[in-house]
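Breakdown of the fold
Chain by chain, the residues:
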Amino acid sequence: MVTSVDVARHLGLSQSTVSRALRGDPAVAPSTKERVLSGARELGYVPDAAARMMVTRRTHAVGVVVADLTSPIYPVIVESLQNRLLERGYRMVLIRDPDISPDPEAVDVLDRATVDGMIFVSAREGSAAVRRVLDRGTPVVLLSRDDVNVDVEAVLADDRGAGELVISHLRDLGHTKIGVLSTLRDRSNGRDREDGVRAAMESRGIAVREDWIQHLRLTHEDGVRAARKLLETEDRPTALFCATDAFAFAALDAAAQLGISVPEELSIVGFDDSGPSRWAFVNLTTVHQPIAEMSYEAVDRLAGRIEGEPPSQTRKPVFPVRLEIRGTTAAPTAAVLT
């Protein structure tokens, strides 16, 4: 096996200079660093991760916990996290949220000997997994979720403020019969989106009908069932706000099954601005959240905790959102209103 000593001998440099160049020490001149990296590649040098861990007491790996990769927004989040982690010198270890997976102890595999920190993308309030990780001293950052029950940093979108954008748009079109497909209430982002819509409706004198608000698990099947429940009645909403694009796609599916035309007979608004929402045949009106920027912020905050940087005074930054108006919203027709 080629060692750093071999690289140093080959280049005529000291072993300490080669070691510092290989670990990215900023004090090493860029030309020297490039020379060392080139020589290392030429000789086939492979860094000994185990030895580096023994010296630094760090694994240079970060655990990322997600709920369901079938959601159209999760691949974007995972890719953004991985790209930023690589830029910061970390590998990513991906696992499914143990609070909802068949393996409730999966998170215990990622202890301090395996990862330096963890980013939870799926945590529910009161998550046992988050609490276990914090109790063993592993740095944690929540992304697109919050949990007031634990002392943890979180990177959030303005989920509640989105309600004002959505209801303002729907009311301007003439909608007053508005239903909601939301997450279960223990998911802070879905709850805040629902509460924002409720507050915006109440401030405009629009009746909030509890039977038109559905709380769902994150599955397409549940979304279709809930949407059909609202749409199969004679007195039905003329518009639906969906707390995720995935729920909006389920609502579009349900409307198609029932022969309800979108947007002529039903307006639908999603949340995420996922890739499929921009496809021409979908063309979904949806709330855009800057998920790539949020993911970068989550990585930077976690890396800061791992590397001993003092935390920011703003422990829970909130990123602004905007409404992307596309083809699934329109004024309700006279026939729908009667």
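Below, the structure is looked at part by part. (Residues numbered from 1 in each chain as written. Predicted model: local features only at pLDDT ≥ 70, side-chain atom pairs only at ≥ 80, totals over all residues. Heavy atoms only, no water.)

1. Observations concerning the pattern of salt bridges
The condition that has to hold: Just to be clear on terms, a salt bridge is a Lys or Arg side-chain nitrogen sitting within 4 Å of an Asp or Glu carboxyl oxygen. Going along the chain from the N terminus, every DSSP run of H or I of four or more residues is numbered as a helix, and every run of E of two or more is numbered as a strand. Each residue's exposure class comes from its accessible area (1.4 Å probe, protein chains only) as a fraction of the maximum for that residue type: buried when under 20%, exposed when over 50%, partly exposed otherwise.
Summed over the entire model, instances satisfying the criterion amount to 27 salt bridges. As a salt-bridge pair, R88 and D300 come within 3.2 Å of each other at their nearest N and O atoms. Of this pair, R88 sits in the loop between α5 (74-87) and β2 (91-96) while D300 sits in helix α11 (residues 291-306), and the two are 212 residues apart along the sequence. Measuring nitrogen to oxygen at the nearest pair gives 2.6 Å for the salt bridge that ties R301 to E153. Pair noted here: R301 is in helix α11 and E153 is in strand β5 (residues 153-157), with a separation of 148 residues, a long-range link. For the pair R301 and E153, a shared accessibility class is recorded, and that class is buried. Connected via shared salt-bridge partners are R84, E87, R88, D300 and E307.

2. A few points about the sheet that holds strand β8 (residues 239-242)
Operational definition: Pairing between strands requires that DSSP locate at least two bridges from one strand to the other. Between N-to-C directions, angles span 0 to 180 degrees; the directions come from axes that are lines fitted to C-alpha atoms, helices contributing only their stretch in contact. By the convention used here, residues are in contact when the closest approach between their heavy atoms is within 4.5 Å.
Strand order in the open sheet made by the six strands is β7-β6-β8-β9-β10-β12, with mixed pairing throughout. The outermost strands of the open sheet, each flanked by one partner alone, are β7 (213-216) and β12 (322-324). Across the sheet, the mean angle from the axis of one strand to that of its neighbour is 20°, orientation sign disregarded. Alignment of strand β10 (residues 285-288) against β12, held across three bridges, turns out to be antiparallel. Paired with T286 across the two strands is E324, which belongs to β12. Sitting on the sheet, helix α8 (residues 188-203) touches β6 (178-183), β7, β8 and β9 (267-272), and the angle it makes with β6 is about 160°. In this fold helix α10 (residues 245-258) packs onto β6, β7, β8, β9 and β10, with an angle of close to 155° to the strand it touches most, β9.

3. Focus on the side chain of T328
The criterion, for reference: For the purposes of these results, a polar contact is taken to be a pair of N or O atoms within 3.5 Å, where, inside protein, one atom must be able to donate a hydrogen and its partner to accept one; residues adjacent in sequence count only when each atom of the pair is a side-chain atom.
Inspection of the secondary structure puts T328 in the loop between β12 and α12 (334-337). Looking at T328, the relative accessible area reads 2%, which means it is buried. In this structure the side chain of T328 is engaged in a polar contact, spanning 2.7 Å, whose partner is the backbone oxygen of I268. Polar contacts involving the side chain of T328 include one to the main-chain amide nitrogen of T285, which spans 2.9 Å. Leave out the neighbours within four places in its chain, and T328 touches L252, V262, P263, L266, S267, I268, V282, N283, L284 and T285.

4. Looking at the packing of aromatic side chains
Worth spelling out the cut-off: Classification of ring pairs uses Phe, Tyr and Trp, with its six-membered ring standing for Trp, and accepts pairs whose centres are within 6.5 Å; under 30 degrees between planes counts as stacked, over 60 as edge-to-face, and the remaining range as tilted. In our convention, an over-ring charge means Lys NZ or Arg CZ found within 6 Å of a ring centre and within 35 degrees of that ring's normal.
All told, the structure shown has one aromatic pair when counted by the stated rule. Positioned above the aromatic ring of F271 is the side chain of R193, whose terminal nitrogen or guanidinium carbon lies 3.6 Å from the ring centre.

5. What to know about the sheet that holds strand β3 (residues 117-120)
Reading across from one edge, β2-β1-β3-β4-β5-β11 is the order of the six strands in this open sheet, with parallel pairing throughout. At either margin of the open sheet sits one strand with a lone partner, and together these are β2 and β11 (318-319). Its contacts with the sheet put helix α6 (residues 128-135) on β3 and β4 (140-143), and the angle it makes with β3 is roughly 160°.

6. Details of the packing of helix α9 (residues 220-231) against α10
Filter applied, for reference: Roughly parallel refers to an angle under 35 degrees, roughly antiparallel to one over 145, roughly perpendicular to one between 65 and 115, and oblique to any angle outside these ranges. Left-handed describes a crossing in which the near helix is turned anticlockwise from the far one by less than a right angle; the clockwise case is right-handed. Polar here means any residue other than Ala, Val, Leu, Ile, Met, Phe, Trp, Tyr, Cys and Pro, which are nonpolar, and Asp, Glu, Lys and Arg, which are charged; Gly is therefore polar.
Where α9 meets α10, the closest approach of the two axes is 8 Å, and the angle between their N-to-C directions is 50°. By the angle class used here, α9 and α10 are oblique. Like other packed secondary-structure pairs, α9 and α10 cross with a definite hand, here right-handed. Counted together, H220, G223, V224, A227, R228 and L231 of α9 and F249, A250, A251, D253, A254, A255, Q257 and L258 of α10 form the full contact between these two elements. Classifying every residue of the contact of α9 with α10 by side-chain character gives nine nonpolar, three polar and two charged.

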